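Descriptive analysis of the structure
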Amino acid sequence: MAFICLIFTVSCSQSNDYFKIEGSFRGMNQGELYIYGTHGSHKLDTIGLQKGEFEYRIPLEDTLTFVLMFPNFSELPVFAVPGATIKIEGDATHLKETQIKGTDDNKEMTAFRLQTSQMTPPEVNKAAAQFIKDHPTSPVSRYIFDRYFIRTQDADYQLAHEMAEVMRLANPEDEGLALLSRQVEGLKINQKGLKIPTFSAKDINGNSVSSADLNAKANIITLWASWNYESMALQNLLNRLKGKYGDDLKIISVCLDANLKECKRIVGRDSIKWSTVCDGQMWETPILQKTGLTYLPDNIVIDQQGKIIARTLNYQKMTDKLKELLE
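Residues numbered from 1 in each chain as written. Predicted model: local features only at pLDDT ≥ 70, side-chain atom pairs only at ≥ 80, totals over all residues. Heavy atoms only, no water.

1. Describing the environment of Asn259
The cut-off we apply is this: Elements are defined by DSSP. Helices are runs of H or I of four residues or more, strands are runs of E of two residues or more, and each kind is numbered from the N terminus.
For Asn259, the location among the structural elements is in the loop between β12 (249-255) and α7 (260-269). Linking Asn259 and Asp298, residues 39 residues apart in sequence, is a C-alpha distance of 20 Å.

Laid out in structure tokens, this is it:
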């Protein structure tokens, strides 16, 4: 969780107004990649691969962090600097070993990725925390924080808040990090036993959906994507259980697909009757920050009073929990 070079018509013509990526991947002759800016800084684009190579050029006025997402939905962060050119070389079958050269930030991220490629998840988290402590002002730390302390199963929001504070204190003038620290503090209110925070959004048909709609005996917010098998299996399970329990069960789905048309196709194909939110922003979808859904697949089970009674249930535990609540 291959991409096509777009032509941008811009007024600026100086070479330092642009950021350029030159890349090549063995084992990936042609195809498309997605590229998007983190935290809504740049809309989703595509980059095309031809004979294993691609080139991407974009006007840029400030440093930004981009994410390349591959056909298998692995992701690769890229740290952009106006006027810089970076080179990416890798093997499509060993993406963790991809080399990115051209700026210090990309070299640091490459070193971290190679260092942790064979580590267990607890070891990676420990290395991630140490990196943030050692490099609190680096944009690499901001990406590592998001990837390993927020967008992860069973996120430890207390530790996440500590890491956010490390970065905030090292960057006292950065209003974005001050906001981030407050947001992470807010995520702690999404834990089991607490009330679901209020939220609202538009579903794929333009209808309003909100936390106020979740007023049945059992209510679920679920996160899925067409490219994640486990989340699709849970989606199909919930569809069957909705048929069984009727109005006693209410569901709101959030789809991470970048393509709204594909999301609508799957919802129609599977005869999903409840509201589905899909705005094409993937992990930047605002409802995720509100609800603390940070992992794929992820879900929240809420009782009739709006209290969170379970989180991140697998197929069998979801079946058991709804049976407990509704039978």
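On we go from here.
2. Considerations on the pattern of salt bridges
Filter applied, for reference: When a carboxyl oxygen of Asp or Glu lies within 4 Å of a side-chain nitrogen of Lys or Arg, that pair is called a salt bridge. Only protein chains enter the calculation, and the probe is 1.4 Å; a residue is then buried if its accessible area is under 20% of its type maximum, exposed if over 50%, and partly exposed in between.
This model, assessed by the stated rule, comprises seven salt bridges. Glu22 is paired through a salt bridge with Lys20; the nearest N and O atoms lie 3.3 Å apart. For Glu22, a relative accessible area of 25% puts it in the partly exposed group. For Lys20, a relative accessible area of 22% puts it in the partly exposed group. Glu262 is the partner of Arg265 in a salt bridge, and the nearest nitrogen-oxygen pair spans 2.8 Å. Note that Arg265 and Glu262 are positioned in helix α7 at a spacing of three residues, about one turn of the helix. Take Glu262: its relative accessible area is 26%, and that puts it in the partly exposed class. Salt bridges linked by common partners bring Lys20, Glu22 and Glu55 together as one network.

3. Observations regarding the nonpolar core
Note the threshold: Side-chain atoms within 4.5 Å link the members of a nonpolar core, which is a set of buried Ala, Val, Leu, Ile, Met, Phe, Trp, Tyr and Cys residues. Should any heavy atoms of two residues lie within 4.5 Å, those residues are counted as being in contact.
Judged by nonpolar contacts, the single largest core of 48 residues is most densely connected at Phe112, Ile144, Phe145, Phe149, Ile221, Leu223 and Leu288. The leading source of residues in this core is helix α3 (residues 139-150), at seven residues. Those residues within four positions of Leu223 in sequence are excluded, and the remaining contacts are Ser231, Val254, Leu256, Trp283, Leu288, Leu293, Tyr295, Leu296, Pro297 and Asp298. Formed by 26 residues, the second largest nonpolar core is a distinct cluster that contains Trp224, Leu234, Leu238 and Ile251.

4. A short note on α7
What counts is decided by this rule: The directions considered for the arc are those from the helix axis to the C-beta atoms. A 3.5 Å cut-off defines polar contacts: any pair of N or O atoms within that distance qualifies, except that in protein one atom must be a possible hydrogen donor and the other a possible acceptor, and neighbouring residues in sequence count only when both atoms are side-chain atoms.
Of all the positions in α7, only Cys263, Ile266 and Val267 are classed as buried. Viewed end-on, α7 has its buried residues packed into an arc of 100 degrees, placing them on one side of the element. Buried residues along α7 sit in contact with β11 (218-224), α6 (229-245), β12 and β13 (275-277). Among the residues of α7, the N-terminal cap falls to Asn259, whose side-chain oxygen and the backbone nitrogen of Lys261 are separated by 2.9 Å. Phi turns positive one or two residues past the end of α7, at Ser271, with a value near 55 degrees.

5. Some remarks on unusual backbone geometry
Positive phi outside glycine occurs at Lys51, with the angle close to 55 degrees. Within the secondary structure layout, Lys51 lies in the loop between β3 (42-50) and β4 (53-59). We classify Lys51 as exposed; its relative accessible area is 74%. Of note in this structure, Thr312 is not a glycine but carries a positive phi near 55 degrees. A residue is classified by how much of its surface remains accessible, and Thr312, at 21% relative accessible area, is partly exposed.

6. Considerations on the sheet that holds β13
Rules: Strand pairing requires that DSSP identify at least two bridges connecting the strands. Angles run from 0 to 180 degrees between N-to-C directions of axes, and those axes are lines fitted to C-alpha atoms, restricted for helices to the stretch in contact.
The strand order across the open sheet built from five strands is β13-β12-β11-β14-β15, with neighbouring strands paired in mixed fashion. Sheet topology places β13 and β15 (308-311) at the edges, where each strand pairs with a single neighbour. Going across the sheet, the axis of each strand differs from the next one's by a mean of 20 degrees, ignoring polarity. Sheet topology note: the β12/β13 ladder contains three bridges and is parallel.

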